[in-house]
Amino acid sequence: MSAASVHRLLPAPPRVLALGEPTHGEDVLLEVRNDLVRELATTSPFRTIALETDCLKALVVDDYVTTGAGTLDDAMTSGFSHGWGAATPNRDLVRWIRDHNADLPPSQHLHFAGLDGPLELTTGPAAPHQAVTALHAALAASVPPELLPPTDLLDEVLGPEDRWTDPAALLDPSRSIGQTPAAGTLRLLCDDMVALLDTHTPAFPSRTDLDLVALYARTATGLLRYHHWMADQTPARMPRLVGLRAAMMAANLLALTDRGPALVHAHNLHLQRHRSTMRLGDQHLTWWSAGALAATHLGSGYAFLATALGTIHHHGVHTPPPDTIEGQLYDMPSERCLADPHALAAMYGDTTPPARESPWFGYFPLDPAHLTGPSAPDGIVFIRDSPPAGPGE
């Protein structure tokens, strides 16, 4: 498997090349990603590497890899969410991007970005303070002060951060403050600030400044929308939340393409073209993923490589049944390969292979119903085995 084999599968260079993973926390998936990144970034015009991490925290990493500001330790500690900064392959990737950029002019730098908002479905959203105050400060540099909401009013409606991050609100909507009068006022103030960005776009001195304030604007409004639905007490609550997260990710993904082609890595569920499904407690959630949303806008400019694993023995995921897609790939001699979905489908003729069932909730097998057709992946990256992390890793 190589960058050349990826290019051969794609009819034309994409604006977004999305590499999915079927589970989180397996180093081999990140190592394969790193190998592809190193090859693709040096043979293709990619300008950004985006991972499934907080878009605001990722600014710390981007500053480090493009200017050398801070240290690698700082970047890994402060620049990642979801605990991804502790993963050795992520550290290796950040170090490599910094070394790659060191002797290049800024116009040729490879950037780092976060695809996700400052939120997580199972731990809740961050308080909106950072995004709102950063948006206000960025606007204040280019917009007449009399047009902006007073900072004391913003402070009043924001209130203490811990009111927004009560962990009990995950299961009890009544503990969320997302639909209080103060939260409603804050949403209106942010909406007005976004309108100021729209009406004062030429006032910003550079494209970089404009991109940054637009990121703050997307994040502030997206977070407040998410908090609003955290407080909802109807069955629409969770479907709304997973959809809003996907929409924030898609908006971040599309914004990256303004800088040039982007290479994105996240869970298959976030990047696939067809509807994603997941069971959360007693709810069966279905939503359009960030990849599906972005592909609607980018068309053939969006390419998706799904990844599958043969075994994760330490999680009880053993050798796949031979009649499944993973079983067919497992019988191939290579430890790692890139398969053409259409060639795989041809092996089954007019029949649809059975879906593999995982005994572990954390692994999502390939969906054989989407092996061909408009929602099919452009390629399938297959890795035979995922070994457990070694001592100290």
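Everything discussed here concerns the structure shown above.
Residues numbered from 1 in each chain as written. Predicted model: local features only at pLDDT ≥ 70, side-chain atom pairs only at ≥ 80, totals over all residues. Heavy atoms only, no water.

S.K.: Give a description of the overall build of the protein that names residues and reports values.
M.R.: The helix and strand tally for the protein stands at 14 helices and eleven strands. In summary, the protein has a C-alpha radius of gyration of 22 Å against a globular reference of 21 Å for 393 residues, a match within 12%. In the protein, buried positions account for 52% of the 393 residues. Of the roughly 17300 Å² of accessible surface on the protein, 56% is carried by carbon and sulfur atoms. Separation of charge centres in the protein, based on 25 positive and 44 negative side chains, amounts to 2 Å. (Helix = DSSP H or I, 4+ residues; strand = E, 2+ residues; numbered from the N terminus. Rg over C-alpha atoms; globule rule 2.2 N^0.38 Å. Buried < 20%, exposed > 50% of the residue type's maximum accessible area, 1.4 Å probe, protein only. Areas by Shrake-Rupley, 256 points an atom, 1.4 Å probe, with all protein chains shown as cover. Lys, Arg positive; Asp, Glu negative; His and termini not counted. Charge placed at Lys NZ, Arg CZ, Asp CG, Glu CD.)

S.K.: An account of the pattern of salt bridges is requested, with residue identities and associated values reported.
M.R.: Counting across every chain of the model gives eleven salt bridges. Across the pair R336 and D35 runs a salt bridge, and its minimum N-O distance is 3.3 Å. Residue R336 is located in strand β10 (residues 336-339), and its partner D35 is located in helix α2 (residues 27-43); the two are separated by 301 residues in the primary sequence. What makes D35 partly exposed here is its relative accessible area of 34%. Between D166 and R175 there is a salt bridge whose closest N-O contact spans 2.9 Å. Salt bridges linked by common partners bring D35, R38 and R336 together as one network. (Salt bridge = Lys/Arg side-chain N within 4 Å of Asp/Glu carboxyl O.)

S.K.: An account of the packing of aromatic side chains is needed here, citing residue identities and associated values.
M.R.: Applying the stated rule across the entire model yields two aromatic pairs. Note on W360 and F361: the rings are 6.0 Å apart at their centroids and 65° apart in plane angle, and the pair reads as edge-to-face. A residue is classified by how much of its surface remains accessible, and F361, at 73% relative accessible area, is exposed. R384 extends its terminal NZ or CZ atom over the ring of Y330, reaching a point 4.0 Å from the ring centre. (Phe/Tyr/Trp six-rings, centres within 6.5 Å; stacked < 30°, edge-to-face > 60°. Lys NZ or Arg CZ within 6 Å of the ring centre and 35° of its normal.)

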